[in-house]
Amino acid sequence: MTVHFVGSGPGAADLLTLRAVDLLRAAPVVLYAGTYLDAEILEHCKGDAELIDTQHLDLDQITAHLVDADRRGLDAVRLCSGDPSLYSALTEQTRRLDAEGVAWDVTPGVPAYAAAAATLGTELTVPELVQTVVLTRTQARSTSMPDTEALARVAGLEASLVLHLAITRIRVLAAELSETYGSDCPAAVVAFASRPNQIVLRGTLADIAEKVEVAGLKHTAVIIVGRALGVRDTPDVACSHLYDPARDRSI
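Residue numbers run consecutively from 1 along every chain, following the written order of its sequence. Given that this is a predicted model, residues contribute local features only at a pLDDT of at least 70 and side-chain atom pairs are listed and counted only at 80 or more, while totals for whole chains, interfaces and linings are drawn from all residues. No hydrogens and no water enter the side-chain calculation; it runs on all heavy atoms of the structure.

One confidence number per residue, pLDDT, is output by the predictor and ranges from 0 to 100. For the protein, the mean per-residue pLDDT works out to 91, and 90% of the residues sit at or above 70. Helix and strand assignments follow DSSP, with helices taken as H or I runs no shorter than four residues and strands as E runs no shorter than two, numbered in order from the N terminus. Of all helices and strands in the protein, the one with the weakest mean pLDDT is helix H5 (residues 151-155) (91), whereas strand E5 (residues 103-107) scores best (98).

Strand pairing is assigned whenever DSSP detects at least two bridges linking the two strands. Strand order in this open sheet of 5 strands is E3-E2-E4-E1-E5, and the pairing throughout is parallel. The open sheet has two edge strands, strand E3 (50-53) and E5, and neither has a second partner. Ignoring which end each strand starts from, the neighbouring axes of this sheet average 20° apart. Sheet topology note: the strand E2 (residues 29-32)/E3 ladder contains 4 bridges and is parallel. When the sheet's bridge partners are listed, valine 29 is paired in E3 with glutamate 50. Contact definition: two residues touch when any of their heavy atoms are within 4.5 Å. Note on method: axes are straight lines fitted to C-alpha atoms, helices fitted across the in-contact stretch only, with angles between N-to-C directions ranging 0 to 180 degrees. Sheet contacts for helix H1 (residues 18-26): strand E1 (2-7), E2, strand E4 (76-80) and E5; angle to E1, the most-contacted strand, approximately 135°.

By the criterion of burial, strand E10 (residues 221-225) is predominantly enclosed, with 5 of the 5 residues buried. As defined by bridge partners, strand E7 (residues 160-164) adjoins E10 across 3 bridges and the pair is classed as antiparallel. Looking at the pairing, leucine 161 lines up with valine 225 of E10. Sheet topology note: the strand E8 (residues 186-191)/E10 ladder contains 5 bridges and is antiparallel. Within E10, the position partnered with valine 190 by the bridge is valine 222. A 1.4 Å probe rolled over the protein chains alone gives each residue an accessible area, and that area as a share of the maximum for its type sets the label: buried under 20%, exposed over 50%, partly exposed in between.

In protein chemistry, a disulfide is the covalent bond that joins the sulfur atoms of two cysteines. In this description, a disulfide is simply a cysteine sulfur pair whose atoms lie within 2.5 Å. Summed over all chains, the structure comprises 0 disulfides. Not engaged in a disulfide, the cysteine cysteine 80 finds its nearest cysteine sulfur in cysteine 45; these two sulfurs lie 14 Å apart.

Angle between the axes and distance between the axes: these two values describe a pair of packed helices. As a packed pair, helix H2 (residues 59-71) and helix H3 (residues 90-99) sit with axes 10 Å apart at the nearest point and diverge in direction by 50°. On the basis of their axis angle, the class for H2 and H3 is oblique. In this structure, the crossing between H2 and H3 has a hand that is right-handed. Contact residues: Leu59, Asp60, Ile62, Thr63, Leu66 and Val67 in H2; Glu92, Gln93, Arg96 and Leu97 in H3. Class assignment for the residues of the contact of H2 with H3 results in 5 nonpolar, 2 polar and 3 charged. We call two directions roughly parallel when the angle between them is under 35 degrees, roughly antiparallel when it is over 145, roughly perpendicular when it lies between 65 and 115, and oblique otherwise. Crossings are classed by handedness, with left-handed meaning an anticlockwise turn of the near helix from the far one by less than a right angle and right-handed meaning a clockwise turn. When residues are sorted by character, Ala, Val, Leu, Ile, Met, Phe, Trp, Tyr, Cys and Pro go into the nonpolar class, Asp, Glu, Lys and Arg into the charged class, and all the rest, Gly among them, into the polar class.

So, on to helix H7 (residues 208-215). For H7, the full list of buried residues reads Ile208, Ala209 and Val212. Seen end-on, H7 carries its buried residues on one side only, within an arc spanning 100°. With respect to the buried face of H7, the exposed residues turned more than 90 degrees away are Glu210 and Val214. If you follow the buried residues of H7, they end up packed against helix H6 (170-181), E8 and strand E9 (199-204). One or two steps after H7, the chain reaches glycine 216, where phi turns positive at roughly 70°. Arc, as used here, means the arc of the directions from the helix axis to the C-beta atoms.

With that settled, consider the pattern of salt bridges. Any Lys or Arg side-chain nitrogen found within 4 Å of a carboxyl oxygen on Asp or Glu counts as a salt bridge. Taken as a whole and judged by the stated rule, the model has 8 salt bridges. The closest approach of N and O atoms between arginine 72 and glutamate 50, which form a salt bridge, is 3.1 Å. Of this pair, arginine 72 sits in the loop between H2 and E4 while glutamate 50 sits in strand E3, placing them 22 residues apart in sequence. As a salt-bridge pair, arginine 71 and glutamate 100 come within 3.1 Å of each other at their nearest N and O atoms. Linking arginine 71 in helix H2 with glutamate 100 in the loop between H3 and E5, this pair joins segments that are 29 residues apart in sequence.

So, in structure tokens, the structure goes:
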């Protein structure tokens, strides 16, 4: 039998891939994190599926459910918020499944940062302005960060910066990032991207923290910082080489 790690996207039931929906429709056992997804996603599951909410379970308990499904001869879907390649504990879970001799595979999903950028209607890479996107987080009550990935070092790139799992530290982070990006740098926060209760806040590093605090955001939010967010206010943005009318298309 197989454990399928499936990216459930940012939350909306219609942002799953076709493969993800097929797996949910067939799976007799589905583990999901109730905190991070729209309940409508579970409507893709078959009527007699065993549904297990993992939001209050630790890694040992989650693994036990997956191994138990395998031992009973049942496939299982482990729904991950966003895409399994980011902050999903995929490595920890699959290493344990390997030790138990349980087969597994991975189906990607729409990452939260992509849903946030779509909501903002923005491209995170703009010709001759910014060509790099950094996806990272910061440490509070969470796993420690490598010394080489300190926020000040990452900010030094002045790339489009996406911060996950950091909303409760927005005031400290905005002040720190202002030292590199400048306090006038555009910043945005998208909470519950793609879901009915979605919240979008726009501002700069000078005022985004106050807006977040007024809105009372505590979790499930993505912070995006960078000049790409304000590009529509910049009159002379370079044209991408791919679409440049001056490009020689004969070669």
